[in-house]
Amino acid sequence: MKKVTVAHGDGIGPEIMDATLRIIKASGANVEFDEIKIGEKVYLDGNTSGITTEAWNSIRENKVFLKAPITTPQGGGYKSLNVTMRKSLGLYSNVRPCVSLHPFVQTKHPKMDVVIVRENEEDLYAGIEHQQTDDVVQCLKLISRPGSEKIIRYAFEYARHYGRKKVTCFSKDNIMKQTDGLFHKVFDEVAKEYSDIENEHWIVDIGAAKLADTPEAFDVIVMQNLYGDILSDVAAQITGSVGLAGSSNIGETSAMFEAIHGSAPDIAGKNIANPSGLLRGAILMLNHIGEGEAASKIEKAWFKTIEDGTHTPDIYREGSSTKKVGTKEFADAVIANLGQAPKTLIVSNTGGKGAFKLPKLKQRPLAKKVLVGVDVFVDDTDKDPEEVAKRLKAIEANDLELLMITNRGVKVWPNGFDETYCTNHWRCRFMPKDNSAIGKADILAVLTNALKVNVDVIKTENLYEFDGKTGYSLGQGQ
Ligand code: NAD
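Just so it is clear, the model here is predicted, and its values are computed rather than measured.

What counts and what doesn't
Residues numbered from 1 in each chain as written. Predicted model: local features only at pLDDT ≥ 70, side-chain atom pairs only at ≥ 80, totals over all residues. Heavy atoms only, no water. Near = heavy atom within 4 Å. Polar contact = N/O pair within 3.5 Å; in protein donor to acceptor, adjacent residues only side chain to side chain. Areas by Shrake-Rupley, 256 points an atom, 1.4 Å probe, with all protein chains shown as cover. Nonpolar A, V, L, I, M, F, W, Y, C, P; charged D, E, K, R; others polar. Helix = DSSP H or I, 4+ residues; strand = E, 2+ residues; numbered from the N terminus. Expected span 1.5 Å × (residues − 1). Buried < 20%, exposed > 50% of the residue type's maximum accessible area, 1.4 Å probe, protein only. Contact = heavy atoms within 4.5 Å. Pairing = 2+ DSSP bridges. Axes fitted to C-alpha atoms, helices over the stretch in contact; angles between N-to-C directions. Core = buried A, V, L, I, M, F, W, Y, C linked by side-chain atoms within 4.5 Å. Salt bridge = Lys/Arg side-chain N within 4 Å of Asp/Glu carboxyl O. Domains from an automatic or database assignment. Buried area = accessible area lost by both parts, 1.4 Å probe. Phe/Tyr/Trp six-rings, centres within 6.5 Å; stacked < 30°, edge-to-face > 60°. Lys NZ or Arg CZ within 6 Å of the ring centre and 35° of its normal.

Another aspect to go through is the site of the ligand. Around the ligand, 18 residues are found, and the nearest of them are Asn82, Gly262, Ala264, Asp266 and Asn274. Separating an oxygen atom of the ligand from a backbone N or O atom of isoleucine 70 is a distance of 3.0 Å. Contact distances for the ligand include 3.0 Å between an oxygen atom and a backbone N or O atom of serine 263. Taking 820 Å² as the accessible area of the ligand by itself, protein coverage stands at 63%. For the shell around the ligand, the per-class residue count stands at 7 nonpolar, 7 polar and 4 charged.

Structure representation (structure tokens):
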């Protein structure tokens, strides 16, 4: 018997979790539940993380967690428990299936059946931010090869496992050639290993427009963290309601399943909340732990209940719905339908196949890394690039010469435009004229000169080549 940790959460959490657990038990799934307390009460008891050591122990021991939504108290510096869990447990993959329930739930996209696979740990969500000058702040976008490979491989394995035909990658590699460029490159490499699955790449802006307009053109879409965060909400919403979607957060050892909505305190305790989002999270969980048969049985019964027009108030519509029911009664109806199949809605190929594991990441040989220059970032309130260049030329040292200056990425020296607006944040690139390798001591010599003449260096970035390939971006207009 597989043990699963469950948390009833806050607001509508207890009601929808009771409904969900009753349905799981009635389905005959081979699971038992280990109850933990997390969320508002734990926060207010003085635990700023919202979770106790005992609760962590249960999750880490059982490795599978079904979580109802929780309320993060406003103010008081309480950390988001969701972010803490994803990062602490290494839940790198956030999977959100978004399928239309047309004509039973209203949507402009009756044929939509998209699975968003979102990278959950990297990107701008590393939360590494700095103010560098009076005018300029920075957030570091970190993308790793292993992180990209893991999420992209997950998307292809998911597609293969669940009989999906195509994996699409969204990125912005026309602009971010290093970060998004790496993600796209890894996508192309991994895609070659899955010749049975179609693959394609879209620039994220036009891809997002296409997704909002013609979602039926997509099947599985894999994205970095920020694009995935935004577009998975868009995708869920355009199926008819965010309230109907569940999601899984998958790591190498643990997994967490939930509804995508929050704790809805405005309707808590009234027996009117729709338990479908959490129930769909539970269906994903059952598939993950190898209880595919029970997952399929519940999904069919749930589809049948939706088709029958037995609807909670959030999706009830005069004319198309037949019976307005509460949370408990909706669960009763799903239980009564266990063993039956829907007439119109198509079960999304998730049943009966068990969990899947990613192959181990292959160790790649390290590239030859050569230091070829340095970008020195400088805070200078002068508005004239020529004046800034004069000061920066004065700190040249050894073979390192000032090659260019950019302001917010645009080349402003040499030969800049008067029209380009300049902040007090300057990137000054020093390289040897003959493109030869340099040493760290050469960089130190430049920085020592800067100190002597009061040039305000705010940070440096080393410029490397990896196996002879440039590992840094050029200035716009360079
Ligand atoms: P929410 O998703 O809780 O509610 C938004 C609206 O949707 C409300 O009108 C609510 O009544 C309705 N709604 C949500 N789920 C519903 C359901 N199952 N059935 C019927 N109607 C439903 O978003 P919010 O109001 O912005 O957030 C409330 C609390 O939830 C906050 O404390 C927030 O931090 C928390 N939250 C938690 C999670 C999580 O635990 N995963 C996610 C998002 C928000």
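What follows is about helix H1 (residues 13-27). Structurally, the α-helix is built with 3.6 residues per turn, so residues lying three or four positions apart point the same way. Relative to the 21 Å expected for 15 residues at 1.5 Å per residue, H1 spans 21 Å between its end C-alpha atoms, a close match to the ideal helical length. What H1 keeps buried is the set Gly13, Glu15, Ile16, Met17, Ala19, Thr20, Leu21, Ile23, Ile24 and Ser27. Packing partners of the buried residues in H1 comprise strand S1 (2-7), strand S2 (31-36), strand S3 (64-67), helix H9 (276-288), helix H10 (292-308) and helix H11 (327-337). Looking one or two residues beyond H1, the residue adopting positive phi is glycine 28, at roughly 85°.

Pairing within the open sheet is antiparallel, and its 6 strands lie in the order S17-S16-S18-S15-S19-S20. Both edges of this open sheet fall to strand S17 (410-413) and strand S20 (469-470), since each of them pairs with a single strand only. Across 3 bridges, strand S16 (residues 400-407) lies against S17 in antiparallel orientation. Within the sheet, the bridge partner assigned to isoleucine 405 lies in S17 and is tryptophan 413. Lying on the sheet, helix H12 (residues 385-393) is in contact with strand S15 (369-379), S16, S17 and strand S18 (425-432); it crosses S16 at an angle near 150°.

The subject of this paragraph is unusual backbone geometry. The phi torsion of most residues other than glycine is negative, and most of the peptide bonds are trans. Here the amide bond leading from histidine 102 into proline 103 is cis, since omega sits at 0°, within 30 degrees of zero. Note on placement: proline 103 falls in the loop between strand S4 (93-99) and strand S5 (113-119). At the junction of tryptophan 413 and proline 414, the peptide bond is cis and its omega measures out at -5° in the coordinates. Note on placement: proline 414 falls in the loop between S17 and S18. The phi dihedral of asparagine 435 is positive, around 60°, even though this residue is not glycine. Tracing the backbone shows asparagine 435 in the loop between S18 and helix H13 (440-452). Given a relative accessible area of 58%, asparagine 435 falls into the exposed group.

Here we take up helix H6 (residues 179-192). Relative to the 20 Å expected for 14 residues at 1.5 Å per residue, H6 spans 21 Å between its end C-alpha atoms, a close match to the ideal helical length. Among the 14 residues in H6, 10 count as buried, and that is most of the element. On the buried face of H6, the contacting elements are helix H5 (145-161), strand S8 (166-171), strand S9 (198-203), strand S10 (220-223) and helix H8 (225-238).

With that settled, the discussion passes to the nonpolar core. One broad rule of soluble globular proteins: the nonpolar side chains tend to lie buried together. Counting residues in hydrophobic clusters, the biggest one holds 71 residues, and the most contacted among them are Ile24, Leu66, Val222 and Leu286. One finds Val388, Val446, Val455 and Tyr464 within the second-largest nonpolar core, a separate group that totals 25 residues.

A few words on the pattern of salt bridges. Tallying each qualifying case throughout the model produces 26 salt bridges. Across the pair lysine 41 and aspartate 45 runs a salt bridge, and its minimum N-O distance is 3.2 Å. For the pair lysine 41 and aspartate 45, one class covers both residues: exposed. Across the pair glutamate 189 and arginine 145 runs a salt bridge, and its minimum N-O distance is 3.0 Å. Remark: arginine 145 occurs in helix H5 and glutamate 189 occurs in helix H6; sequence separation between them is 44 residues. For glutamate 189, a relative accessible area of 32% corresponds to the partly exposed category. What you see here is one network of salt bridges that share partners, running through Lys67, Arg86 and Glu258.

A few words on the domain arrangement of the protein. Accessible area lost upon the coming together of the parts is a frequently used measure of interface size. On domain assignment, one finds that the protein holds domain 1 (2-75 + 83-336) and domain 2 (369-470). The distance between the C-alpha centroids of domain 1 and domain 2 comes to 45 Å. In this assembly, 7 residues from domain 1 lie in contact with 7 residues from domain 2. Across the interface of domain 1 and domain 2, roughly 620 Å² is buried in total on both sides, 46% from carbon and sulfur atoms.

With that settled, the discussion passes to the packing of aromatic side chains. For the coordinates displayed, the defined rule picks out 9 aromatic pairs. If you follow lysine 369 out to its NZ or CZ, it ends over the ring of tyrosine 464, 4.4 Å from the centre. Positioned above the aromatic ring of phenylalanine 377 is the side chain of lysine 459, whose terminal nitrogen or guanidinium carbon lies 4.9 Å from the ring centre.

As for its placement among the helices and strands, histidine 425 is situated in strand S18. For the pair formed by histidine 425 and valine 222, sequence separation is 203 residues and the distance between their alpha carbons is 35 Å. Not counting the four nearest positions on each side in its chain, histidine 425 is found in contact with Gln132, Thr133, Val136, Phe377, Val378, Thr406, Asn407, Arg408 and Ile458.

Strand order in the open sheet formed by 10 strands is S2-S1-S3-S12-S11-S4-S5-S10-S8-S9, and the pairing between neighbours is mixed. If you trace the sheet from one side to the other, it starts and ends with S2 and S9, each paired once. Ignoring which end each strand starts from, the neighbouring axes of this sheet average 25° apart. By the bridge criterion, 5 bridges tie strand S11 (residues 246-250) to strand S12 (residues 255-259) in an arrangement that is antiparallel. In the sheet register, asparagine 249 faces S12, and the bridge partner there is methionine 256.

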